[in-house]
Amino acid sequence: MIKRISIGFLSIAILLFVAGMISLFELNRLGNDAKRLINESRSSMEAAKNMFDALEVNNAAVSHIVMTGYDESSSLQCKQSMANLKSIIDSASLRTPKNTLLDSLAVSADNLRTLSSNFVAKMMIAKKESNILGLSVMIPEIGQDTEGETDLFWYDNRYYPLITEISDMINRYMVQSTNGLTPQTEQLSRNAYRAVKPVFISLLVMIAIILMLFYFVIIYCVRPIININRSLADWLKFGKAYNVKAECRDELLAIRDNIKSLIERAEKNAK
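Note that this is a predicted model, so its numbers are computed, not measured.

(A) Representation of the pattern of salt bridges. As enumerated under the stated definition, the model contains 5 salt bridges in all. Notably, a salt bridge pairs lysine 49 with aspartate 53, separated by 3.0 Å at the nearest N-O pair. With lysine 49 and aspartate 53 both in helix 1 (residues 2-68) and 4 residues apart, the pair spans about one turn of that helix. Residue class for aspartate 53 comes out partly exposed when judged on its relative accessible area of 31%. Across the pair lysine 86 and aspartate 90 runs a salt bridge, and its minimum N-O distance is 3.0 Å. Of the two residues, lysine 86 and aspartate 90 both sit in helix 2 (residues 72-95), 4 residues apart, roughly one turn of that helix.

Here you go:
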């Protein structure tokens, strides 16, 4: 009897341990997936923000050159911002390979770099020539190229449309990154259900085992003890024959038989 009860409770303990280990493993994997998803989202948002920052710096530098003429500080800002934009796009492409939007963005960013570099170089040459020859010499005016295109015209019709196009691409990249997280979020929901499922199944199995243990303890332990006690009380009080009407096993069977032997010996000695 003790062995059977011990096996029953030991089974519950083993089931709890196995279910706990499975759930712990699944929850750990779920936590890693959630952390990866959060990191991907944060990386995409940071990349988009840094792209916008680089564009803003470049636009500010180019606008300053257009309005006031060439200066070394604005030229360095323009060059550095384009290098930063290229580096950010390359890093994003490494995280999400085969992204056609990032490929198009890289091409447009390279076109912007070339356009900005050529404009800054033109303005630098114009400033050097004006410093060497003087403003009275007949050279193209600062702010106007040899074809008569003014700097403002260049900015409005060539530079600004390109930088607007790149801004739209960055916005689409942000939307694309957000939409791409939806299937992964749904997968996390399924993983969460899978992590809880073993515990739920184990709970049902444990309830069944506990009910079975309760039934067997009542049938094979409690009831035989009650019947043994009742038969012994009837013999002591009323002198009735000791007859236990219960199915006894193991230790309870030995107790029933030992009590019966004591009663028979006492009756024999009484005669």
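Past the structure itself, the notes keep going.
(B) Quick peek at the packing of aromatic side chains. Summed over all chains, the structure comprises 5 aromatic pairs. Look at phenylalanine 119 and tryptophan 154: their rings are 4.0 Å apart centre to centre, the planes differ by 5°, and that puts the pair in the stacked class. In this pair, phenylalanine 119 sits in helix 3 (residues 100-133) while tryptophan 154 sits in helix 4 (residues 151-238), placing the two residues 35 residues apart along the sequence. Through a chain of ring-to-ring contacts, the aromatic side chains of Phe119, Trp154, Tyr155, Tyr159 and Tyr160 assemble into a single cluster.

(C) Summary view of helix 5 (residues 250-270). Over its 21 residues, helix 5 runs 31 Å from end to end, which matches the ideal 30 Å to within 8%, given 1.5 Å per residue. Every buried residue of helix 5 is accounted for by Leu252, Ile259 and Ile263. For helix 5, the angular spread of buried residues about the axis comes to 40°, placing them on one side. Exposed and facing more than 90 degrees away from the buried side of helix 5 are Arg265, Lys268 and Asn269.

(D) Spotlight on the confidence of the model for the protein. Here the protein averages 80 in pLDDT, and 85% of its residues register 70 or above. Confidence over residues 135-148 falls short of pLDDT 50; this stretch has 18 contacts with residues more than four positions distant or in other chains.

(E) A look at helix 2. Under the 1.5 Å per step criterion, the end-to-end length of helix 2 is 35 Å for 24 residues, consistent within 8% with the ideal 34 Å. Among the residues of helix 2, those classed as buried are Ser74, Ser75, Cys78, Ser81, Met82, Leu85, Ile88, Ile89 and Ala92. The residue sitting at the N-terminus of helix 2 and contributing the capping side-chain oxygen is aspartate 71; that oxygen lies 3.2 Å from the backbone nitrogen of serine 73.

(F) Broad picture of a nonpolar patch on the surface. On the surface, a nonpolar cluster with roughly 660 Å² of combined accessible area is contributed by Leu10, Ile14, Phe17, Val18, Met21, Ile22 and Leu24. Relative to the helices and strands, isoleucine 22 resides in helix 1. Overall, the relative accessible area of 38% leaves isoleucine 22 in the partly exposed class.

Calculation criteria
- Residues numbered from 1 in each chain as written.
- Predicted model: local features only at pLDDT ≥ 70, side-chain atom pairs only at ≥ 80, totals over all residues.
- Heavy atoms only, no water.
- Salt bridge = Lys/Arg side-chain N within 4 Å of Asp/Glu carboxyl O.
- Helix = DSSP H or I, 4+ residues; strand = E, 2+ residues; numbered from the N terminus.
- Buried < 20%, exposed > 50% of the residue type's maximum accessible area, 1.4 Å probe, protein only.
- Phe/Tyr/Trp six-rings, centres within 6.5 Å; stacked < 30°, edge-to-face > 60°.
- Expected span 1.5 Å × (residues − 1).
- Arc of directions from axis to C-beta.
- pLDDT = per-residue confidence, 0-100.
- Contact = heavy atoms within 4.5 Å.
- Polar contact = N/O pair within 3.5 Å; in protein donor to acceptor, adjacent residues only side chain to side chain.
- Patch = residues over 30% accessible without salt bridge, like charges linked within 9 Å, V, L, I, M, F, W, Y side chains within 5 Å.
- Areas by Shrake-Rupley, 256 points an atom, 1.4 Å probe, with all protein chains shown as cover.

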